[in-house]
Amino acid sequence: MELHYTLGTIGDAAKQLWERFGAYRIFAFNGEMGAGKTTFIHALCDHLQVQDTVSSPTFALINEYHFINEGKDNTIYHLDWYRLKDTAEAINAGMEDCILQAKNKTAWCFIEWPEKAAALLNLPHVSLSIETVSNTERKMIATIIS
Ligand SMILES: Nc1ncnc2c1ncn2[C@@H]1O[C@H](COP(=O)(O)OP(=O)(O)OP(=O)(O)O)[C@@H](O)[C@H]1O
Ligand SMILES: [Mg+2]
């Protein structure tokens, strides 16, 4: 799936992505600094009617959000692996536990800088790559890694 969007249409892009891939539990967001990973995750959370404040987990490394669907509480872990050196550090920081919850379908994981601990992603997930087309436009390519 390929999406082109601006900040004006990002909500519709998030809706399309979720309609196609929402059954998956792990979303790995690839893209350079400032490509728009956090911004897209924010739009996805808005689409899911998350009430918590969505922000870059640069310092905490893990942000937890909740949304209600069909009367049921759902958990999203927003993970930022930028500051991790390797998989061992990621495990120490509690990332594997978040991934296991996603695997068991008790949470979703939205991950920025997934390449920092790629060994943790050795299971089916959605890989997104965001490219800057211009100051205002982004291109996202979504593929299933199975
Ligand atoms: N179409 C667009 N989609 C997303 N962001 C856009 C778009 N157009 C402009 N921007 C701007 O680009 C910036 C994207 O920043 P963002 O923090 O989302 O990037 P990031 O990929 O999460 O960076 P980092 O690797 O530092 O976490 C924001 O300032 C945002 O306003
Ligand atoms: Mg970010």
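No experiment lies behind these values; they were computed from the predicted model shown.

Quick notes on the rules
- Residues numbered from 1 in each chain as written.
- Chains lettered and ligands numbered in written order.
- Predicted model: local features only at pLDDT ≥ 70, side-chain atom pairs only at ≥ 80, totals over all residues.
- Heavy atoms only, no water.
- Helix = DSSP H or I, 4+ residues; strand = E, 2+ residues; numbered from the N terminus.
- Expected span 1.5 Å × (residues − 1).
- Buried < 20%, exposed > 50% of the residue type's maximum accessible area, 1.4 Å probe, protein only.
- Arc of directions from axis to C-beta.
- Contact = heavy atoms within 4.5 Å.

Novice: Tell me about the environment of threonine 87, and name the residues and values.
Specialist: Structurally, threonine 87 is set in helix α3 (residues 87–92). Separated by 74 residues in the primary sequence, threonine 87 and alanine 13 place their C-alpha atoms 31 Å from one another.

Novice: Give me helix α1 (residues 10–21): which residues, what numbers.
Specialist: The end-to-end C-alpha distance of α1 is 16 Å, a good match for the 16 Å that 12 residues give at a rise of 1.5 Å each. Within α1, burial applies to Ile10, Ala13, Ala14, Leu17, Trp18 and Phe21. The arc enclosing the buried residues of α1, seen along the axis, measures out at 130 degrees, which places them on a common side. Exposed positions of α1 whose direction lies more than 90 degrees from the buried face are Glu19 and Arg20. Looking at the buried positions of α1, the neighbouring elements they touch are β1 (2–5), β2 (26–30), α2 (37–47), β5 (108–112), β6 (125–132) and β7 (138–145).

Read these as geometric descriptors, not functional statements.
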